[in-house]
Amino acid sequence: MKKNGLVLVSALFLLCAFPLVSQTEFDPLVFGDAEGSYAVYRDTRFGETAYIGISALGGNRLALRLYLSASKTEVLVFQTFYTVAGELEPGTITLVRGDLMANDATRRFLPAIYDWMRAWLHSRSSFAEMPAYDLKEEESYHFAYWIPVLQLEGTSDARLALVTAGIMNSAADPVFYAFIGEPEILEGPSFSLVPGEPTPVILNGLSLALDSNWRRGADGVYRIERVTGQDAYCRVESLDLKEFGTGDTFDLIKMFILYSGGMLLPEGLRIFVFDEHPCLFYRVWDAERKLVTIQYKIFVPRDGTVLSVVSLGVFESVYNGNKAYFDGILF
């Protein structure tokens, strides 16, 4: 009996010292975007138009949402993610709303996201050298640095396309959790602008080539007021980069995009350089008036810590009829 006990103890010691199978290392896949950052996509590969939302909940946890516009079917889950030897390993799923097995689209919902995540995981090191890149796998993906969570903009065939992105104001913001479709856009004001008498102005030390079409408000902002109280505006603000915790202008550009003040419409968004200054062009939908405004921003460094941001905003309908006029103010 003593001999058998000794053999058993020895066997247990050997198993502990030299395990037969090495333990798998699960590393949390931490998403670096601010909690509440989100992106919403239109996916037409499911037979009916599907809107798929992805939001960072902090750490390695995401909110994943599917909405099918025709059947009004919704699925919402919270899920954790890990990597094992550099490969994606989906973690625990918490089903918040809906049925993952309701139909073919709901069954394909999570596997589709996992495919996007694998493509992003295998290629995201490309951002160390470039702000955007394309990846050809089973799908041809386009990624851009400013897009939250997966930096995925869509596929080359446009069957998958980014619809909007931003940062939520609360843990249950309907901009993400109640998204049911793309916005209704009304026709905005339209008129032709004839260049007026030149009246160059100095704003925060920068000279802008405005004319008599513009009126200076009490807040120091110049506006064109033909149809509404603000058909167009122009202003310059100076930012202390230390307050934002970054000296990187492109991080600041990302912040301006995601805190757009309305619903970001990513179609046509451009980040470019003019006269050695980073520039941004994007479109924003105002839910109250259901109108689209185009936004230009030019980022002008003033010294080591201060950055001047030139902003020009115009109703898209006014801009389209006077593009040369407005572009001529900035470029």
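All figures in this text were calculated on a predicted structure; none of them were measured in a lab. (Residues numbered from 1 in each chain as written. Predicted model: local features only at pLDDT ≥ 70, side-chain atom pairs only at ≥ 80, totals over all residues. Heavy atoms only, no water.)

Both the distance between ring centres and the angle between the ring planes are used here to describe each pair of aromatic rings. Under the definition given, this model contains 22 aromatic pairs. Ring geometry for F176 against Y177: centres 4.9 Å apart, planes inclined by 85 degrees, an arrangement best described as edge-to-face. The class for Y177 is buried, based on a relative accessible area of 12%. Put simply, the rings of W214, F272, F274, F281, Y296, Y319, Y325, F326 and F331 touch in pairs and so form one group of aromatic residues. (Phe/Tyr/Trp six-rings, centres within 6.5 Å; stacked < 30°, edge-to-face > 60°. Buried < 20%, exposed > 50% of the residue type's maximum accessible area, 1.4 Å probe, protein only.)

Moving on, we get to the sheet that holds strand β14 (residues 222-224). With antiparallel pairing, the 7 strands of this open sheet are ordered in space as β13-β14-β15-β19-β18-β17-β16. What marks the edges here is a single partner per strand, and that holds for β13 (215-216) and β16 (263-274). When β13 meets β14, the two strands line up antiparallel, connected through 2 bridges. Considered in β14, the bridge of R216 is made with Y222. (Pairing = 2+ DSSP bridges. Helix = DSSP H or I, 4+ residues; strand = E, 2+ residues; numbered from the N terminus.)

Moving on, we get to the pattern of salt bridges. In total, this model carries 15 salt bridges according to the counting rule given. The closest approach of N and O atoms between D33 and K254, which form a salt bridge, is 2.8 Å. One end of the pair, D33, is in the loop between β1 (27-28) and β2 (37-43); the other, K254, is in helix α5 (residues 249-258), with 221 residues separating them in the sequence. Ionic contacts of the salt-bridge type, sharing partners, join the residues D43, R45, E139, D157 and R159 into one network. (Salt bridge = Lys/Arg side-chain N within 4 Å of Asp/Glu carboxyl O.)

As for its position among the elements, L121 is in helix α2 (residues 104-123). Distance from L121 to L88, taken between C-alpha atoms, is 7.6 Å for residues 33 residues apart in sequence. Ignoring sequence-local partners within four residues, the contact set of L121 consists of L29, T83, G86, E87 and L88. (Contact = heavy atoms within 4.5 Å.)

Counting residues in each nonpolar core, the largest one holds 59 residues, and the members touching the most others are W116 and W146. If one sorts the elements of this core by residue count, α2 sits on top with 11 residues. Not counting residues within four places of it along the chain, the set of residues in contact with W146 comprises L162, A165, K254, I257, L258, L264, P266, L269 and I271. Counting residues in each nonpolar core, the second largest holds 30 residues, with L203, A232, Y319 and F326 among its members. (Core = buried A, V, L, I, M, F, W, Y, C linked by side-chain atoms within 4.5 Å.)

This part is about the pairing of β2. Summarising burial for β2: 6 of the 7 residues are buried, a large majority. Note that β2 and strand β10 (residues 160-167) share 7 bridges and pair antiparallel. When the sheet's bridge partners are listed, A39 is paired in β10 with A165. The loop that links β2 with its antiparallel partner strand β3 (residues 50-58) comprises 6 residues; one of these, G47, has a positive phi angle of about 95 degrees.

Looking at the protein, pLDDT values average 91 and 92% of them are 70 or higher. Contacts of residues 1-22 to residues separated by more than four positions or lying in other chains number 1 contact, the stretch itself having pLDDT below 50. (pLDDT = per-residue confidence, 0-100.)

So, on to α2. An α-helical turn contains 3.6 residues, so a residue and the one three or four places further along point in the same direction. Spanning 20 residues, α2 covers 29 Å between terminal C-alpha atoms, matching the ideal 28 Å at 1.5 Å per step. The sharpest bend along α2 comes to roughly 30 degrees, located at L110, with the proline P111 sitting one to four residues further on. (Expected span 1.5 Å × (residues − 1). Bend = angle between axes of the 7 residues up to and from the residue.)

A word on the environment of T164. Relative to the helices and strands, T164 is located in strand β10. Between the alpha carbons of T164 and Y141 there is a distance of 17 Å; along the sequence they are 23 residues apart. Beyond its immediate stretch of four places on either side in the chain, T164 contacts Y38, A39, V40, F179, M263, L264 and P266.

Of note, the phi angle at K72 is positive, near 55 degrees, even though the residue is not glycine. One can find K72 in the loop between β4 (61-68) and β5 (73-84). The backbone phi angle of A158 is positive, close to 65 degrees, even though this residue is not glycine. Structurally, A158 can be placed in the loop between β9 (152-155) and β10. Relative accessible area serves as the criterion here: at 47%, A158 is assigned to the partly exposed category.

Its location among the elements puts Q151 in the loop between β8 (140-144) and β9. By relative accessible area, which is 10% here, Q151 ends up buried. There is a polar contact of 2.9 Å between the side chain of Q151 and the side chain of W120. Among the polar contacts listed, one links the side chain of Q151 to the backbone oxygen of I147, at a separation of 3.0 Å. (Polar contact = N/O pair within 3.5 Å; in protein donor to acceptor, adjacent residues only side chain to side chain.)

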